[in-house]
Amino acid sequence: MSMKKELKVVGKSVERTDARPKVTGKARYAADLVAPGMLYGKLLRSPFAHAKIVSIDTSKAKALPGVLGVITGRDFPGVPFGTRPDTRDTLPMPITKVHHFGEGVAAVAAVDEDTAEEALDLIKVEYEELPVVLTAEDALKPDAPLVNEFMKSNICYTSDFLFGDVEKGFKEADYVREETFSSQRVTVGFVEPHACLAEVDNSGRILLQGSKQSPYITWRHMCRALDIPLSDMRIVNPFVGGAFSGKHDPMDVDFAAVKLAQVTGRPVKIVLNYDEVLAAYRQRNAMNATIRLGLKKDGRISALYAENILEGGPISGIGPFNIYYFGAFLNIPYKIPAIEYHGKLVYGNRAPCGTVRGQEIVLAQFCLDSILHMAGEDLGIDPVDIRRINAVTDNWTCANGIKCDVSGLPECIDKMAAKIGWKESRVNKSVGRGIGFSCASHPSGPRLGGHFGSAVVIKLMEEGKVIVTHGGTEIGQGANTVFCQMAAEELGIPYEDVMQGASDSDTTIFDSGMFGDRCTYWDGNATIAAARDLKKQLAEIIAPELKAMPEEIEFADYRVFVRDNPERGMDFQRAVRRAYYEKGAPLYGRGYWAATDIDLVDWKTGKGNLAHGLDFIATGIELEVDRQTGKVSLLRCVHGDDAGQPINPAMLEGQVNGGSAHMTGHCLWEESLYDEKGRALNYTWRDYKQPTAVDVPEYFVEHVHTYDPYGPFGAKGAGEASSCSTLAAIANGIYDAVGVRIKDLPITPEKILATLNERKRDEQGGSTGFASGGADEAQ
């Protein structure tokens, strides 16, 4: 098939409509890995949420036949690690006390899993229970026990912003409304549990193969906590069975496997069961927020004031960024000239929190789009119109300094509203049915530090095929596929001639991680740079034969030719053989990309432009509420999406719809529950309810094509903006359906029924019974 038939060219971009996902050999996940002489590891977990470790007796476990190693926190150097120098508060395993239910306190390595499990029963731990901090309110009490021993208080981090004249904005407002919102703890939701295989060679160098979303982050943190140089550890990433930002950090499972491999001299594999994941690993922060919004009569926002407290478990993790991010993205996707924000991250004795798809923009947008909807109703402005009035447009600079180069949001709103049938739905509104809206924006990879960047190496093989090796991670988002598409487009060769190399810290230049919609944007730009570097090298070899200057050489349709005289050229494979067989010159293209022209934002004060490539989305969700049971059925969801120029439309739609489906559970069903002593209650799939295919709506994506000046082929990031817009769209839809406004997530049938019944009692002078009625109750 010719290149022209394979590729649909759109401006400087390229949409591949039939690109098959790229894999490297047979798909192998961490749980499938084996090594000669491999041992099996297991972790012993704390039954308490907060307790002093008085003693750990491992003697009987060590004496059990088949057990080759037993470790505790005291076998590590005791060096804490963390996202920032001022929040290094995490140890590989606890030494003096446990901080949450299910925290690993010891680990064993044995010849088989049954022996390892038996050894855990032989370890005796003496605890002294300590008072438990469960909520943000608990954490902030004057007499609250200290959760983290590396910190002086339970306030982990604060962010305080003031941009524009907020006082003036509220004085000039014709309407002011203040509301409080809260959100629960939820798990991340990936299917593959944490798993890894660790080996140590004769020189003492560590090889870790694990289910890691961002190997570079894991690598740096682990080397610090193990007190070893970066060169003493190698990380090779197998296939990752989903992550949704829950696999960035090094976990106790990773540290335990490495330490046991060092102690035993044998490879050690540890694979968690999912009960362990649900009980003791990363979750989304619990939130309590207050939002005050001022508007003019015509619907324009004049000022915003917000306070927010996030409870994040016993470690800071990425929490300092989360508390900043919440405030930063209250500035967008709407034009807000003045904003004041005060945020606190506090410690608690529930499972550690970290990054989850969409970060805390998800929670910020739930608050902002809910109160905007309420304000619009009070002002008599249509919910679509009020979003269009305030939508960010091209070349807009937010009050906090975030710059929007290109925004398709106004068109996204229009296309979404038309597709969902908003105007038609108002003509003959069905009882119990409603449509809710929300908009959102998400950056294409924030710059969080000076070392943030992406790099790619492209190896040119003798037969004319190439291998693309990048430092990112394929976690199901299609990274390998789109990078191979970009390389093929830039080199002018068939997509089928591009192969994906393995992710290996020894051979792949660093990558800051797969998060924040940065994959396509950052690594894509690095891929294009590597392809251009390769072309430059090959052009310098071929140009003399074609009697041209190297800069005149073009690559397209599997040919290398002179720009103004295409007949003077040769096929790509012949050019490659010239390099290999006549010049002895194997060629490697190298490329890197870092957004060094944007700001390293101070998370405490929030001023600056943290990213290029703002992705925009407008979401409409049609749903039905059963007045007798309170059950919410999601019927249709339409996303108007501006992700720049789509590179792979099918994968893009999968990301947009998947991000939205993920958050339906957060909105309606999911909640990690704890008892009064901080013990997890629902840590099995039987008890922790996540949405399945039958629970999510029918999805439609209306693409709005823009061209981002910094993105690869004009593309932006995608996949997380829809996570940010879904919560408020559902909440607003429930209100449109039955007139119930729930501001405390999740929006369960019990909460809907309680509100309906309370209103019914008020209307009927105190009578009881299930709520029922017609469309007149819906507004």
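First, a word on scope: everything that follows refers to the structure included in this document. (Residues numbered from 1 in each chain as written. Predicted model: local features only at pLDDT ≥ 70, side-chain atom pairs only at ≥ 80, totals over all residues. Heavy atoms only, no water.)

Along the backbone of the protein there are 19 helices and 33 strands. If you line up the protein on its principal axes, its C-alpha atoms span 95 × 75 × 45 Å. Split into buried and exposed, the 779 residues of the protein put 62% on the buried side. When contacts within the protein are restricted to residue pairs at least 6 apart in sequence, those whose partners lie at least 24 apart make up 80%. (Helix = DSSP H or I, 4+ residues; strand = E, 2+ residues; numbered from the N terminus. Buried < 20%, exposed > 50% of the residue type's maximum accessible area, 1.4 Å probe, protein only. Contact = heavy atoms within 4.5 Å.)

Among the surface-exposed residues, Asp 112, Asp 114, Glu 118 and Asp 121 lie close enough to one another that they form a single negatively charged patch. Look at Glu 118 and you get partly exposed, because its relative accessible area is 43%. (Patch = residues over 30% accessible without salt bridge, like charges linked within 9 Å, V, L, I, M, F, W, Y side chains within 5 Å. Areas by Shrake-Rupley, 256 points an atom, 1.4 Å probe, with all protein chains shown as cover. Salt bridge = Lys/Arg side-chain N within 4 Å of Asp/Glu carboxyl O. Lys, Arg positive; Asp, Glu negative; His and termini not counted. Charge placed at Lys NZ, Arg CZ, Asp CG, Glu CD.)

Under the defined criterion, the tally for this structure stands at six cavities of 30 Å³ or more. If you add up the space inside the largest cavity, you get close to 290 Å³. For the largest cavity, the lining is made up of 24 residues, of which Thr 90, Leu 91, Pro 92, His 100 and Glu 103 are closest to its centre. Split into classes, the residues belonging to the lining of the largest cavity amount to 14 nonpolar, five polar and five charged. The two domains that each donate at least three residues to the lining of the largest cavity are domain 2 (33-130 + 190-243 + 248-280) and domain 3 (286-447 + 601-764). By volume, the second largest cavity is sized at about 70 Å³. Contributing to the lining of the second largest cavity are Phe 81, Gly 82, Thr 83, Thr 90, His 221, Asp 249, Arg 282, Ile 315 and Gly 317. (1 Å grid on protein atoms, 1.4 Å probe; cavity = no way out; pocket = protein on both sides within 12 Å on 5 of 7 lines; lining within 4 Å. Points joined across faces, edges and corners; volume = space filled by probe spheres on them. Nonpolar A, V, L, I, M, F, W, Y, C, P; charged D, E, K, R; others polar. Domains from an automatic or database assignment.)

What follows is about the layout of surface pockets. In this model, the largest pocket occupies a volume close to 790 Å³. Elements supplying a minimum of two residues to the lining of the largest pocket: helix H14 (479-491), helix H15 (519-542) and helix H17 (649-668). With five residues, H17 is the single largest residue contributor to the lining of the largest pocket. Split into classes, the residues belonging to the lining of the largest pocket amount to 20 nonpolar, 17 polar and seven charged. Here the second largest pocket is characterised by a volume of approximately 580 Å³. As for the second largest pocket, its lining consists of 28 residues, of which Gly 82, Thr 83, Ile 217, His 221 and His 451 are closest to the centre. Secondary-structure elements contributing two or more residues to the lining of the second largest pocket are helix H6 (215-226) and helix H9 (319-328). The element that contributes the greatest number of residues to the lining of the second largest pocket is H6, accounting for five residues.

Here H6 contains twelve residues, and its C-alpha end-to-end distance of 16 Å stays within 8% of the 16 Å for a straight helix at 1.5 Å per residue. Taken together, the buried positions of H6 are occupied by Pro 215, Tyr 216, Ile 217, Thr 218, Trp 219, His 221, Met 222, Cys 223, Ala 225 and Leu 226. Against strand E13 (206-210), strand E14 (233-237) and helix H7 (252-264) lie the buried residues of H6. Where H6 terminates, the next one or two residues include Asp 227, which has phi positive at roughly 60 degrees. (Expected span 1.5 Å × (residues − 1).)

Quick look at the sheet that holds strand E32 (residues 632-642) now. Hydrogen bonds between backbone atoms are what pair the strands of a sheet, whose relative direction is either parallel or antiparallel. Taken in spatial order, the four strands make up an open sheet running E22-E31-E32-E33, and their pairing is mixed. Each having just a single partner strand, strand E22 (433-442) and strand E33 (698-703) make up the two edges of the open sheet. Geometrically, the sheet is characterised by an average inter-axis angle of 15 degrees between neighbouring strands, direction not taken into account. Across ten bridges, the pairing between E22 and strand E31 (residues 615-625) is antiparallel. Bridge assignment links His 442 to a residue of E31, and that residue is Asp 615. Its contacts with the sheet put helix H12 (residues 409-420) on E22, E31, E32 and E33, and the angle it makes with E31 is roughly 25 degrees. (Pairing = 2+ DSSP bridges. Axes fitted to C-alpha atoms, helices over the stretch in contact; angles between N-to-C directions.)

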